There are 2 protein chains.
Amino acid sequence: MKPTIRDVAKMAEVSISTVSRVMNAPETVVESKRNRVIEAIQTLQYQPNAFARGLIYKKSFTLGLLIPDIENLYFAGVIRGMQDACIKLGYSLMICNTDRDKERLLSYIDAFHEKQVDGIVFASDVLYPEYYEKLVGCRIPFVLVSSHSDEYDIPCVEIDDEVAAYDAVKFLIELGHKQIGMIGFNHDNSISGPPRYDGFVRALNEFGLEHNMEKIKFANHRFEHAYQAAHELFTEYPDITAVFCVADEFAMGTISYLKDRNIHVPGQVSVVGFDNLRMSTMFIPKLTTIAQPIYELGYRAAEKIHELLSTGSVKVKREKMEHKLIVRESSREK
Amino acid sequence: MKPTIRDVAKMAEVSISTVSRVMNAPETVVESKRNRVIEAIQTLQYQPNAFARGLIYKKSFTLGLLIPDIENLYFAGVIRGMQDACIKLGYSLMICNTDRDKERLLSYIDAFHEKQVDGIVFASDVLYPEYYEKLVGCRIPFVLVSSHSDEYDIPCVEIDDEVAAYDAVKFLIELGHKQIGMIGFNHDNSISGPPRYDGFVRALNEFGLEHNMEKIKFANHRFEHAYQAAHELFTEYPDITAVFCVADEFAMGTISYLKDRNIHVPGQVSVVGFDNLRMSTMFIPKLTTIAQPIYELGYRAAEKIHELLSTGSVKVKREKMEHKLIVRESSREK
DNA sequence: TCCTTTTTAGAAAACCTTTTCAAGGTGATT
DNA sequence: AATCACCTTGAAAAGGTTTTCTAAAAAGGA
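Going along each chain's sequence as written, the residues are numbered from 1 onward. Here every chain gets a letter starting at A, and every ligand a number starting at 1, in the order they are written. Owing to the predicted nature of the model, reporting of local features is limited to residues with pLDDT of at least 70; listing and counting of side-chain atom pairs is limited to 80 or more, with chain, interface and lining totals taken over all residues. Here the side-chain values reflect all heavy atoms present in the structure, with hydrogen atoms and water set aside.

Student: Which residues make up helix 6 (residues 102-114) of chain B, and what are the values?
Tutor: The numbering of helices and of strands both runs from the N terminus, where a helix is a DSSP run of H or I of at least 4 residues and a strand a run of E of at least 2. Between the first and last residue of a helix there are one fewer steps than residues, each counted as 1.5 Å, and that sum is the expected span. Here helix 6 of chain B contains 13 residues, and its C-alpha end-to-end distance of 19 Å stays within 8% of the 18 Å for a straight helix at 1.5 Å per residue. When helix 6 of chain B is considered as a whole, its buried residues turn out to be Arg104(B), Leu105(B), Leu106(B), Tyr108(B), Ile109(B), Phe112(B) and His113(B). Lining the buried residues of helix 6 of chain B we find helix 5 (73-89) of chain A together with strand 1 (62-67), strand 2 (92-97), strand 3 (119-123) and helix 7 (129-138) of chain B. A 1.4 Å probe rolled over the protein chains alone gives each residue an accessible area, and that area as a share of the maximum for its type sets the label: buried under 20%, exposed over 50%, partly exposed in between. By definition in these notes, contact holds between two residues if any of their heavy atoms fall within 4.5 Å.

Student: Tell me about the nonpolar core, and name the residues and values.
Tutor: By nonpolar core is meant a set of buried Ala, Val, Leu, Ile, Met, Phe, Trp, Tyr and Cys residues that side-chain atoms within 4.5 Å join together. Core analysis: the biggest nonpolar cluster contains 165 residues, and Phe244(A) and Phe244(B) have the highest contact counts within it. Once residues lying within four places of it in the same chain are set aside, the contact partners of Phe244(B) are Ala165(B), Ala168(B), Val169(B), Leu172(B), Gly181(B), Met182(B), Ile183(B), Arg196(B), Phe200(B), Val272(B) and Phe274(B). Grouped together as the second largest cluster of nonpolar side chains are 24 residues, Phe112(A), Tyr128(A), Leu135(A) and Leu144(A) included.

Student: Just give me the short version of the packing of aromatic side chains, but keep the residues and values in it.
Tutor: Residues and elements named next belong to chain A. Stacked, edge-to-face and tilted labels apply to pairs of Phe, Tyr and Trp rings (six-membered ring for Trp) whose centres lie within 6.5 Å, assigned for plane angles under 30 degrees, over 60, and everything in between, in that order. Inspection of the entire model under this criterion finds 21 aromatic pairs over all chains. Seen in terms of ring centroids, tyrosine 57 and phenylalanine 61 are 6.2 Å apart; in terms of plane orientation they differ by 85°. Their pairing is edge-to-face. Residue classification places tyrosine 57 among the partly exposed residues on the basis of a relative accessible area of 43%. Judged by its relative accessible area of 34%, phenylalanine 61 is partly exposed.

Student: Any details on the pattern of salt bridges? Residues and values, ideally.
Tutor: The term salt bridge refers to a side-chain nitrogen of Lys or Arg lying within 4 Å of a carboxyl oxygen of Asp or Glu. According to the stated counting rule, one finds 43 salt bridges over all chains in the structure shown. The shortest N-O distance in the salt bridge between Arg80(B) and Asp99(A) comes to 3.7 Å. Taken together, the residues span two chains, with Arg80(B) in helix 5 (residues 73-89) and Asp99(A) in the loop between strand 2 (92-97) and helix 6 (102-114). The class for Arg80(B) is partly exposed, based on a relative accessible area of 23%. Where Lys170(A) meets Glu174(A), a salt bridge forms, and the shortest distance between an N and an O atom there is 3.9 Å. Residue Lys170(A) and its partner Glu174(A) are both found in helix 8 (residues 161-174); the two are separated by four residues, about one turn of the helix. Overall, the relative accessible area of 53% leaves Glu174(A) in the exposed class. Put simply, Glu71(A), Asp99(A), Glu249(A), Arg80(B) and Arg278(B) are held in one network by salt bridges that share partners.

Student: An account of the protein's contact with DNA strand C is requested, with residue identities and associated values reported.
Tutor: Surveying the vicinity of DNA strand C reveals 27 residues, the closest of which are Thr18(A), Arg21(A), Ile5(B), Tyr46(B) and Ile56(B). We call a residue near a molecule or strand whenever a single non-hydrogen atom of that residue lies within 4 Å of it. A breakdown of the atoms of DNA strand C within 4 Å of the protein gives sugar and phosphate a share of 68%. A distance of 3.1 Å separates a base nitrogen of DNA strand C from a polar atom in the side chain of Ser17(A). In protein, a polar contact means a hydrogen-donor-capable atom and an acceptor-capable atom, both N or O and within 3.5 Å, with residues adjacent in sequence counting only if both atoms are side-chain atoms; elsewhere, any N or O pair within 3.5 Å suffices. Take Lys33(A): an N or O atom from its side chain is 3.3 Å from a phosphate oxygen of DNA strand C. Among the secondary structure elements, those contributing two or more residues to the surface near DNA strand C are helix 2 (16-24) and helix 4 (50-57) of chain A together with helix 1 (5-12), helix 2 (16-24) and helix 4 (50-57) of chain B.

Student: Before we move on, could you go through the side chain of Asp118(A) and cite the residues and values that matter?
Tutor: All names here are of chain A. Within the fold, aspartate 118 resides in the loop between helix 6 and strand 3 (119-123). Within this scheme the basic residues Lys and Arg register as positive and the acidic residues Asp and Glu register as negative, but His and the chain ends are omitted. The buried charged residue aspartate 118 lacks any salt bridge partner; its closest oppositely charged side chain belongs to lysine 59, at an N-O distance of 4.4 Å. Side-chain polar atoms of aspartate 118 contact the backbone nitrogen of serine 60, separated by 2.9 Å. A polar contact of 2.6 Å, which involves the side chain of aspartate 118, links it to the backbone nitrogen of phenylalanine 61. Residues contacting aspartate 118, with those up to four places away along its chain left out, are Lys59, Ser60, Phe61, Thr62, Leu63, Tyr91, Ile140, Pro141 and Leu309.

Student: Residue-level account of the relation of the copies chain B and chain A, with values.
Tutor: Under the fitted operation, chain B is carried onto chain A by 0.1 Å of movement along the axis and a turn of 180°, and the coordinates agree to an RMSD of 0.2 Å. The symmetry that links the two subunits is that of a two-fold axis. Within chain B, Phe51(B) has its C-alpha nearest the rotation axis, a separation of 2.2 Å. When the interface residues of chain B are mapped onto chain A, 100% of them again fall at the interface, so both copies present the same face. Least-squares superposition aligns the copies on the C-alpha atoms of those residues with pLDDT at or above 70 in both.

Student: I'd like a rundown of the sheet that holds strand 10 (residues 288-291) of chain B, residues and numbers included.
Tutor: Residues and elements named next belong to chain B. Taking strand neighbours across the sheet as the criterion, the six strands line up as 7-6-8-9-10-12 in an open arrangement whose pairing is mixed. The open sheet has two edge strands with one neighbour each: strand 7 (216-219) and strand 12 (324-326). Neighbouring strand axes in the sheet, compared pairwise and without regard to direction, differ in orientation by 20° on average. Pairing between strands requires that DSSP locate at least two bridges from one strand to the other. As defined by bridge partners, strand 10 adjoins strand 12 across three bridges and the pair is classed as antiparallel. What sits directly across from threonine 289, in strand 12, is isoleucine 326. Helix axes are fitted only over the stretch in contact, all axes being lines through C-alpha atoms; the angle between N-to-C directions runs from 0 to 180 degrees. Strand contacts of helix 8 (residues 161-174): strand 6 (180-185), strand 8 (242-245), strand 9 (270-275), strand 10 and strand 12, with the helix running at about 160° to strand 9, the strand carrying the most contacts.

Put into structure tokens, the structure is as follows:
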């Protein structure tokens, strides 16, 4: 049986109140007793019971993180950042991978509710009304990371997807490309799909390249879909010389397709990705891409939910972090 | 304030015992009251408090998972498998990423202890005495996944690394390669380093290729290290035509190096990886590799800790799962 | 020395749930 | 009609901790 505060009290020959005080307000206990208690705690390897504590504090000192796809390296970075922040702030972290499954997500919220997590970070996914209703029903505060909501007024941390996409496309244009395609996220099940599309469109408009407006295919988060989308794009528009991909994984899928078609990247076609995953430097060719401050996004999200929990509100509701274009080997002047 | 069982009882005009019974043994409550209670639960969005429950059951219905590197896609698979098993078995999962840091790992064990996790799965890492001592000190049962311990008698689930490595090297030999190198894990901070090395050596011995015995460089888990190791390997032994890499990430590092040196894979050098990560089909060329049943390893690990928790012991202590060589594009006949 | 103030420590209540125990009520059996 | 068994329900204890309240002891002042 795990030792309880009673066992410690008995061994140190004091009351349980004194033991509790040694742990929570040591200065109120005389040194001799304090030392006896500390010694007893160590020999018994006593660890206070989080259940009993939680019952009193009505806090679990635990945060929940909901991510859509653990096999996407993007979230590894978010997790690392968030976990580091949690350590700093004294929280434990409960990570749940929804595999983009609504039912599963909803049942994870139930689990969070039951486990009384103090707050939830919701990553990169559309905040559907069902989610929102459930979350507020559970009275669990939450923030969004790499996401936002126009419908509801929820704190969030993200980059400016529209500007980032614009920057990427502008870069391709300034490289001299005139025939530019895009592989984007479906608009109905992604949060960054529309703004990145908007950025693409704005760049085309600004540089008088409206004839590319149709050269878009949408894919569903994964390599294989991007490969397929690239196939459709290049079958329909064989004269494309540059592709803006809204994810590094899409860029890899596109490049793989081009490779299979014996089209050289960046010799014949330039490709720029998005995210700057660790993979983007491992891939051949190394990807030109928009770098997101992934780790920092996770870190800030944790800080933000902490701010919300401890002060009841957040200073800046919609927080933007900086992106950066990183030029590597998958792009070249036309 | 979150509603408690009292609020439900009051709304349904029954005692709290009845509410509890509706949740835990519905058939013992007459239908009319039961329905009233169920209705009250729904309108209040009542969720029983896991703290109070844990206090009584002395169980948290939570498992802990310790992984060394969340940025390694290998663990994404383990997590998915384990999470699915947890859902089936009624556990929540607490994932902690140690970044291969001893201190951090130890402090995560403390956190697990305090949160009263029922059991821990320890992934792919050496079970150092400090870890072992701490774990038994906390009286938390645990199992190993993709790992084992010769020193201590701990249940584990893994593949047969020695045989898997042997199979990979044998494959290269049967392709006609005579000059074979290897990029391995350091033996002192990896669990699969030694057996995979042994498999390499056994294959060489068996086919009379002992002259390759020295053609080994060790790397430290990451792409960059493998790139560097490949550099050393090929500088020292420029006539190598095949490389056995003990991780897909090493294979990618090696291939990147060769690419930079303008050595064609598989034209001039064959490379085989290990793990069959999702990346191995995204890389160019697609990797020939040893497939581990990663998802299943995670799944089995959860089942195993559950077995240990519910029956007090485990039927097969050291469990081996099947690996499989998958031939793709990074290898070719000599 | 005696009274007041401060410091220290123990007893008990509270947090929320499950479960045991006992009691009241119903229906069936004799 | 009386007894018995069973079904249904509520009261109360238990689980481990923190915290409030109270009491005792120590320290300080007159």
